[in-house]
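Structural overview for review
Letter by letter, the chains look like this.
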Amino acid sequence: MAQLWSNHNTIFTAKPSPLATFISIIVLCILGFYTLHYVHSPSPLSSSQNALRFHQTFLSAASNDTVATYLRHLTMHPHVAGTQPSNETANYVLSHFKGLGLDAHSVPYKALLSYPTHSSLSLHFSNGTRADLPLSEWGGTRKIGVDGVVRPYHAYSPSGAVSHAKAVFVNLGRDEDYRLLGRVGVNVSGCVVLARRGNLPRFAVVEKAAAHGAAAVLLYTEGGGSGYRFRKGFERGTVMSGVGDPLSPGWAGVSGGESLSVDDADVSRRFPKIPSMPLSSEAAETILVSLGRAPVPAQWRKSVTSKVRRVGPGPTMVDFNYQGEKKVATIHDVFAVIRGLEEPDRYVLLGNHRDAWTYGAVDPNSGTAALLDIARRFARMRDLGWTPRRTLVFCSWDAEEFGMIGSTEWVEQNLGNLGSRAVAYLNVDCAVQGPGFNAGATPQLDNLLLEVLKKVKDPDLEGSTLYRNWADRDSQNVITRLGRVDSDFAAFVQHSGIPSIDLYYGRDFPVYHTAFDSYEWMTNYGDPLFQRHVAVAGVWGLLALRLADDSILPFNYCSYAEQLKGHTELLSKFLDGIGYLSPLTTSIQEFASVAKEIEIEIEAQMLREQESSTSELVTLKKRALNDRLMLTERGFLDTDGLDGKRWFKHLIYGPTNDLESELDFFPGIADAKLRSAGMNLRQRQALIQHEIWRVARAVQRATSALRGELS
Ligand SMILES: [Zn+2]
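Anyway, here's the lowdown on the structure attached to this text. Bear in mind that the values here come from a model prediction, so they are computed numbers and not experimental data. (Residues numbered from 1 in each chain as written. Predicted model: local features only at pLDDT ≥ 70, side-chain atom pairs only at ≥ 80, totals over all residues. Heavy atoms only, no water.)

1. Details of the overall build of the protein
Helix and strand content of the protein: 24 helices and 16 strands. Here the protein holds 711 residues, and 58% of them are scored as buried. Summed over its atoms, the accessible surface of the protein is roughly 29100 Å², and 54% of this surface lies on carbon and sulfur atoms. (Helix = DSSP H or I, 4+ residues; strand = E, 2+ residues; numbered from the N terminus. Buried < 20%, exposed > 50% of the residue type's maximum accessible area, 1.4 Å probe, protein only. Areas by Shrake-Rupley, 256 points an atom, 1.4 Å probe, with all protein chains shown as cover.)

Here's what the structure looks like:
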């Protein structure tokens, strides 16, 4: 505004005359009135008209110090879900939202959580000596831990004690690791298995060990960082399979609602059958260097420290004891809503979990601090007269660490409204783990993500944008897809087909789920100046603003079609001649041509809008077009879901049973290949072909949603 004024002054003072002076006074009065009026009362005009200016306001309102202050508050105490400190963190977030004048509320759920009560581990060496291994970062034997940090454990592990069992090393605990062990005559039956954490989910490591007859599992993480503390860190985590509260599978765990018994077969099959505990890499090494018998297989030598020569079993013997309790606790999701002016019944959701295994400075409260700062900036914009076109919802999830419980229960409870009204879900879990930007997305959001990255400064490279440094490379290979089940986007993408994005900085940080994930670590290593926090908040907030304010949704289905073609090429290599892909390629071709048509339609709509933006007919047509763009992703859902995993409805992105599979899309087809391994060729082909057809039909449903016409 100030710049516009001085321009006018220059023009008018260049040719001073009484008339010009008079006109300039009138103009100044009008501008002055407009400015005052504008600042003091919300604009009654379309938000889209002013959106661009406000999006700039959003970026310039960033404050590193404010984000740091939020993170400091959030990480004062450890806050495991279902505990009193966790409730206090929920209240902090709720009062922050309310303090900004936002419409905020909290939603409670009942969920089955799991806590440790006792653990111990002793070794008996072949020379007759004995050692008690420390089972916590603080080394002592205190039951509860330091300042309320929960002792290291695996949530939902059964309680169990194993005495005098041989220790054996199984590397990453994959099928191929057991095959290699089998070849050198190592049998793990009755042993305490020691495994190194790799890409397999924890529950899978335990499940595979149990399948090979192991009595218990110790799982350690090799810290990627340097310094003594990383070798002393224990990676806590859940060993439950699937997502959501185990007592209310598929529906919300509300007070007074249906709740299964813990002994129900559908509940207990989600828990491992043998007990497990995490171990620090320091403690693991004590065991590893004492093992005898079989030498380390050559294939492992590259990745296993050279101090380890033999894998056992024995002669070191282990006394293992883990005792824990599963109990129903109340968890709290917290929300803040900024109601849209023109389309209040269309939702753009920003989500992050709040619960942490320890202090949670990285996981997840770097994300929470960013979320709180976006809320602060949006509230300020609203005070300046901005109202989003669509409704923005801030979501602060609870009990993610136990298995995405808070987000899953809420999505299950709101499935109907979300299915018909949610435009997009934007997830941030660990906003900052270290250097290097990363993002995952459903492919119709690729272009929007890239556009937004052009607007946000790269915090680690002076004078560059995030786009230049990151996405300028082959974007479809840089943006990952969301078939993983490791954060709160799972329920949105894989259960309800809502276009989603997941953002984070850095990966594989050394204090993951340990007592060292503290504010101190963040200020010393993760993001000392908080500029990476600011970058993530910038991308996250700007994505939300574009999705909430753009008159036509910024979705690009040509890019989805391209990605589906790419997936199909990889699938063809994966299947290696079993099954014919033509139903799938045909349906993708049709999807691609409708995606092109809708691009033309969008351009026409934009032209119409410029000509007669207030016409009711134009508004209705635009709404219909946006609905088609919004609902296309839902077409990929299948009522029956994935075989054996009915909750997972999305046939393009979801988890595969083969956890080592290189295919991270078309999970149903990948599962069929795995399941058919022992069958004859005809049976194999039939099973795989059926799954190819199912995906082809899902793509057809998406195509007809995009086209928006009945057959
Ligand atoms: Zn997390």
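2. Quick word on the pattern of salt bridges
Under the defined criterion, the tally for this structure stands at 38 salt bridges. Here Glu-235 and Arg-197 are joined by a salt bridge, their closest N and O atoms 2.3 Å apart. Separated by 38 residues along the polypeptide, Glu-235 in the loop between α8 (228-232) and β7 (237-238) and Arg-197 in the loop between β5 (192-196) and α7 (202-211) bring together distant segments of the chain. What you see here is one network of salt bridges that share partners, running through Glu-342, Glu-343, Asp-345, Arg-346, Arg-389, Arg-390, Arg-623 and Asp-627. (Salt bridge = Lys/Arg side-chain N within 4 Å of Asp/Glu carboxyl O.)

3. A closer look at the packing of aromatic side chains
The tally for this structure, following the rule as stated, stands at 30 aromatic pairs. An angle of 55 degrees between the planes, with centres 5.4 Å apart, marks the rings of Phe-58 and Phe-378 as tilted. Placement of Phe-58 in helix α3 (residues 47-60) and of Phe-378 in helix α11 (residues 365-383) is noted, with a sequence separation of 320 residues between them. The residues Phe-58 and Phe-378 share a single accessibility class, namely buried. Measuring from centroid to centroid gives 5.4 Å for Tyr-156 and Phe-271, while their planes differ by 5 degrees, and the two rings are stacked. Of the two residues, Tyr-156 sits in the loop between β3 (154-155) and β4 (160-169) while Phe-271 sits in the loop between α9 (265-268) and β8 (276-279), which places them 115 residues apart along the sequence. (Phe/Tyr/Trp six-rings, centres within 6.5 Å; stacked < 30°, edge-to-face > 60°.)

4. What about the coordination of the zinc ion?
At the metal site, the zinc ion is ligated by His-353 (NE2), Asp-363 (OD), Asp-429 (OD) and Asp-429 (OD), and these contacts range over 1.9 to 2.7 Å. Viewed at the metal, the four donor atoms of the zinc ion are separated by angles of 52 to 141 degrees, and the geometry they form is irregular. Coordination of the zinc ion draws on donor residues from a single chain, spaced H-x9-D-x65-D in sequence. Placement of the pair is His-353 in strand β12 (residues 343-353) and Asp-429 in strand β14 (residues 422-432), with a sequence separation of 76 residues. The class for His-353 is buried, based on a relative accessible area of 0%. Owing to a relative accessible area of 10%, Asp-429 belongs among the buried residues under this scheme. (Donors = N, O, S within 2.8 Å, 3.2 Å for Na, K, Ca; no water. Tetrahedral: all angles 85-135°; square planar, octahedral: opposite > 155°, others 65-115°.)

5. Quick notes on the environment of Arg-174
With respect to the helices and strands, Arg-174 occurs in the loop between β4 and α6 (175-183). Taking the C-alpha atoms as reference points, Arg-174 and Val-205, separated by 31 residues in sequence, lie 7.1 Å from one another. When neighbours within four sequence positions are excluded, Arg-174 is seen to be in contact with Leu-200, Lys-208 and Glu-660. (Contact = heavy atoms within 4.5 Å.)

6. Concerning unusual backbone geometry
In the segment running from Gly-312 into Pro-313, the intervening peptide bond is cis, with an omega of 0 degrees. Relative to the assigned elements, Pro-313 resides in the loop between β10 (310-312) and β11 (317-338). The omega torsion across Gly-314 and Pro-315 is 0 degrees, close enough to zero to call that bond cis. The backbone of His-164 sits at a positive phi, close to 55 degrees, despite the residue not being glycine. Exposure remark for His-164: the relative accessible area of 47% places this residue in the partly exposed category. The backbone phi angle of Phe-530 is positive, close to 65 degrees, even though this residue is not glycine. Within the fold, Phe-530 resides in the loop between α18 (519-526) and α19 (531-549). Here Phe-530 falls in the buried class, since its relative accessible area comes to 3%.

7. Points about the nonpolar core
In this structure, Phe-97, Leu-113, Leu-279, Phe-378 and Phe-402 are the most contacted members of the largest nonpolar core, which totals 214 residues. Ranked by residue count, the leading element in this core is α19, at eleven residues. (Core = buried A, V, L, I, M, F, W, Y, C linked by side-chain atoms within 4.5 Å.)

8. Comments concerning the environment of Pro-435
Relative to the helices and strands, Pro-435 resides in the loop between β14 and β15 (437-441). Remark: the alpha-carbon pair of Pro-435 and Gly-506, spanning 71 residues in sequence, is separated by 4.7 Å. Residue contacts for Pro-435: discarding those within four places in its chain leaves Tyr-505, Gly-506 and Arg-532.

9. Brief notes about the packing of helix α21 (residues 582-611) against helix α22 (residues 616-631)
Any two packed helices are characterised by how steeply their axes cross, that is the angle between the axes, and by the distance between the axes. Contact geometry of α21 with α22 gives a least axis separation of 11 Å together with a crossing angle of 155 degrees. The orientation of α21 relative to α22 falls into the category roughly antiparallel. Regarding α21 and α22, the two cross each other, and that crossing is left-handed. Between α21 and α22, the residues in contact are Ile-598, Glu-601, Ile-602, Gln-605, Arg-608 and Glu-609 and Val-618, Lys-621, Lys-622, Leu-625, Arg-628 and Leu-629, respectively. Looking at the contact of α21 with α22 residue by residue, the class counts come to five nonpolar, one polar and six charged. (Axes fitted to C-alpha atoms, helices over the stretch in contact; angles between N-to-C directions. Parallel < 35°, antiparallel > 145°, perpendicular 65-115°, else oblique. Left-handed = near helix turned anticlockwise from the far one by under 90°. Nonpolar A, V, L, I, M, F, W, Y, C, P; charged D, E, K, R; others polar.)

10. Structural notes on the pairing of β4
Pairing of β4 with β11 involves five bridges; the strand directions are antiparallel. When the bridges of β11 are listed, Val-162 appears paired with Phe-320. Pairing of β4 with β5, which is carried by three bridges, proceeds in the parallel orientation. Considered in β5, the bridge of Ala-167 is made with Val-192. (Pairing = 2+ DSSP bridges.)

11. With respect to α11
Residue pairs three or four apart in sequence face the same way in an α-helix, which turns once every 3.6 residues. Taking 1.5 Å per residue as the helical rise, α11 with its 19 residues ought to reach 27 Å, and the 27 Å between its terminal C-alpha atoms agrees with that figure. Across the 19 residues that make up α11, a large majority, 16, are buried. Downstream of α11 by one or two residues, Gly-385 has phi in the positive range, about 115 degrees. (Expected span 1.5 Å × (residues − 1).)

12. Observations concerning α19
Its 19 residues place the ends of α19 26 Å apart at the C-alpha level, agreeing with the 27 Å of an ideal helix rising 1.5 Å per residue. With 18 of 19 residues buried, α19 lies mostly within the body of the structure.

13. Comments concerning the side chain of Ser-280
Looking at where Ser-280 falls in the secondary structure, it is placed in the loop between β8 and α10 (281-288). Its relative accessible area of 2% is what places Ser-280 among the buried residues. There is a polar contact of 3.0 Å between the side chain of Ser-280 and the backbone nitrogen of Ala-283. Not counting the four nearest positions on each side in its chain, Ser-280 is found in contact with Tyr-220, Arg-231, Lys-232, Gly-233 and Phe-234. (Polar contact = N/O pair within 3.5 Å; in protein donor to acceptor, adjacent residues only side chain to side chain.)

14. Remarks on the environment of Tyr-505
Along the chain, Tyr-505 turns up in strand β16 (residues 500-505). Placed 31 residues apart in sequence, Tyr-505 and Val-536 show a C-alpha to C-alpha distance of 7.5 Å.

15. Looking at the pairing of strand β6 (residues 216-220)
Counting buried residues along β6, five of its five residues qualify, which places the element largely inside the surrounding structure. Burial of β6 is two-sided: the residues Ala-216, Leu-218 and Tyr-220 facing one way and the residues Val-217 and Leu-219 facing the other way are all buried. Pairing between β5 and β6: five bridges, direction parallel. For Val-192, the partnering residue across the bridge sits in β6 and is Ala-216. Each parallel crossover has a hand, and the one from β5 via α7 to β6 is right-handed. Two elements, β6 and β8, share four bridges in a ladder whose sense is parallel. (Right-handed = clockwise from strand over helix to strand, strands pointing away.)

16. Details of the packing of helix α5 (residues 84-99) against α11
Where α5 contacts α11, the axes come no closer than 10 Å and their chain directions differ by 15 degrees. Of the possible angle classes, the one that applies to α5 and α11 is roughly parallel. Between α5 and α11 the crossing geometry is right-handed. Residues Tyr-92, Val-93, His-96 and Phe-97 of α5 form the contact with α11, whose own contacting residues are Thr-368, Leu-371, Leu-372, Ala-375 and Arg-376. The residue makeup of the contact of α5 with α11, split by class, is six nonpolar, two polar and one charged.

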